[in-house]
Amino acid sequence: GQRMKIKKYLAFTYLAALLMPGLVYANDNDEIYRKLLKAEYNNRVFAYLSTQIIAKNRVGSPMGEFYQAYFQLEKLNRGRYERMKSELNLDYQPNLFTRTRGKLTGYVSSVIPITAGMLVAIIQPYMEKLAALKEAAPIEHAEFFAYVVAQEKAQLKTAQTAENKGWSAGATILREFIEHQK
């Protein structure tokens with residue numbers, strides 16, 4: 001009797017110890033997911049505000065054409081991301097820092113020339129974070145997170161095209177992506 005209870009207790013303790021890292025990981029995974037999700041929402045607000053300003057201030061130039069297309073993408077994203085907030089159970093409001101950073105970047109980029117190569121250097125490393133976000137996301141939202149990664153890939157391809165063939169060629173790539181989303 002007593003020996004059996006001890007064996008059961010030891011077996012239970014052993015199993016609990018094996019399962020514990022999984023439970024901790026699940027919590028950590030959820031925390032990682034939430035942080036990455038909030039970072040992506042911040043990134044979209046930042047991009048919306050900065051591209052809106054650059055598109056307006058660079059109107060009539062190839063760079064303006066590029067940023068007009070980029071702003072169109074961010075308008076499309078804004079609608080999709082806003083609709084998903086309740087499904088994702090995300091209580092998100094952009095903070096003052098994110099809004100200010102977006103506007104400042106827009107104004108600075110309107111005065112100081114930003115190269116397409118700079119955009120590539122910013123977007124490329126961010127792709128890894130989005131891949132991790134997609135991986136950590138709940139399976140029922142797989143379609144939305146596939147879009148999140150796809151729109152960023154489109155931005156990267158657009159920036160690479162602009163770097164190699166000019167701003168107008170980059171704008172064309174982005175407009176084609178937007179058209180396929182309708």
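All chains use their own residue numbering, which begins from 1 and follows the written sequence. At least 70 in pLDDT is required for a residue's local features to be given in this predicted model, at least 80 for side-chain atom pairs to be given and counted, and no such filter applies to totals for whole chains, interfaces and linings, which use all residues. Each side-chain value is derived from all of the structure's non-hydrogen atoms; neither hydrogens nor water enter the calculation.

### Describing the pattern of salt bridges
Argument step 1. Here a salt bridge means any side-chain nitrogen of Lys or Arg lying within 4 Å of a carboxyl oxygen belonging to Asp or Glu. Evaluated as defined, the whole model comprises six salt bridges.
Argument step 2. Glu74 is paired through a salt bridge with Arg44; the nearest N and O atoms lie 2.9 Å apart. Separated by 30 residues along the polypeptide, Glu74 in helix H2 (residues 62-87) and Arg44 in helix H1 (residues 2-57) bring together distant segments of the chain.
Argument step 3. Here the term buried applies to any residue with accessible area under 20% of the maximum for its type, exposed to any over 50%, and partly exposed to those in between, with areas from a 1.4 Å probe on protein chains only. Looking at Arg44, the relative accessible area reads 6%, which means it is buried.
Argument step 4. Within the structure, one salt-bridge network assembled from shared partners comprises Glu40, Arg44, Glu74 and Glu152. Helix and strand labels come from DSSP, where a helix needs a run of H or I of at least four residues and a strand needs a run of E of at least two; each type is numbered from the N terminus.

### A closer look at the side chain of Lys85
Argument step 1. By the secondary structure assignment, Lys85 is in helix H2.
Argument step 2. In this view, Lys85 contacts Tyr41, Leu90, Tyr92 and Gln93; residues no more than four positions away in its chain are not counted. We call two residues in contact when some of their heavy atoms are within 4.5 Å.

### Details of the packing of helix H5 (residues 142-165) against helix H6 (residues 167-180)
Argument step 1. Structural elements are reduced to axes, namely lines fitted to C-alpha atoms, with helices fitted over the stretch in contact, and the angle between N-to-C directions of any two is expressed from 0 to 180 degrees. At their nearest, the axes of H5 and H6 sit 6 Å apart, and the two run at 160° to each other. Judged by the inter-axis angle, H5 sits roughly antiparallel to H6. Crossing handedness for the pair H5 and H6: right-handed. Seen from H5, the contacting residues are Tyr147, Ala150, Gln151, Ala154, Lys157, Thr158, Thr161, Ala162 and Lys165; seen from H6, they are Trp167, Ala169, Gly170, Ala171, Ile173, Leu174 and Phe177.
Argument step 2. Note on residue categories: nonpolar means Ala, Val, Leu, Ile, Met, Phe, Trp, Tyr, Cys or Pro, charged means Asp, Glu, Lys or Arg, and polar means any other residue, Gly included. Here the contact of H5 with H6 is composed, by residue class, of 10 nonpolar, four polar and two charged. When an angle is under 35 degrees it counts as roughly parallel; over 145 it counts as roughly antiparallel; between 65 and 115 it counts as roughly perpendicular; any other value is oblique. Each crossing gets its hand from how the near helix is turned against the far one by less than a right angle, where anticlockwise is left-handed and clockwise is right-handed.

### Concerning the nonpolar core
Argument step 1. Membership of the largest hydrophobic core comes to 45 residues, with the highest contact counts inside it found for Tyr41, Tyr67, Leu88 and Phe145.
Argument step 2. Of all the secondary structure elements, the ones that give two or more residues to this core are H1, H2, helix H4 (116-136), H5 and H6.
Argument step 3. Setting aside chain neighbours within four positions, we find Tyr41 in contact with Tyr81, Met84, Lys85, Leu88, Leu90, Tyr92 and Phe144. Working definition of a nonpolar core: buried Ala, Val, Leu, Ile, Met, Phe, Trp, Tyr and Cys residues. They are joined through side-chain atoms within 4.5 Å.

### A short note on H6
One turn of an α-helix holds 3.6 residues; hence residues three or four places apart share an orientation.
Argument step 1. For a helix, the expected span equals 1.5 Å multiplied by the number of residues minus one. Taking 1.5 Å as the rise per residue, H6 with 14 residues should run 20 Å; its terminal C-alpha atoms sit 20 Å apart, in good agreement.
Argument step 2. All of the buried residues in H6 are Trp167, Gly170, Ala171, Ile173, Leu174, Phe177 and Ile178. Looking straight down H6, one finds that the buried residues subtend no more than 160° of arc, so they occupy a single side. Every exposed residue of H6 that faces more than 90 degrees away from the buried side is listed here: Glu179 and His180.
Argument step 3. Buried residues along H6 sit in contact with H2, H4 and H5. Directions pointing from the helix axis toward each C-beta atom define the arc.

### Here we look at the confidence of the model for the protein chain
Residues shown with low pLDDT carry predicted positions that ought not to be read at fine detail.
Argument step 1. By definition, pLDDT measures how confident the predictor is in each residue, and it falls between 0 and 100. Mean pLDDT over the protein chain works out to 86, with 86% of the residues at or above the 70 mark.
Argument step 2. A low-confidence stretch, residues 12-27 stays under pLDDT 50, and its non-local contacts, those more than four residues away or across chains, total zero contacts.

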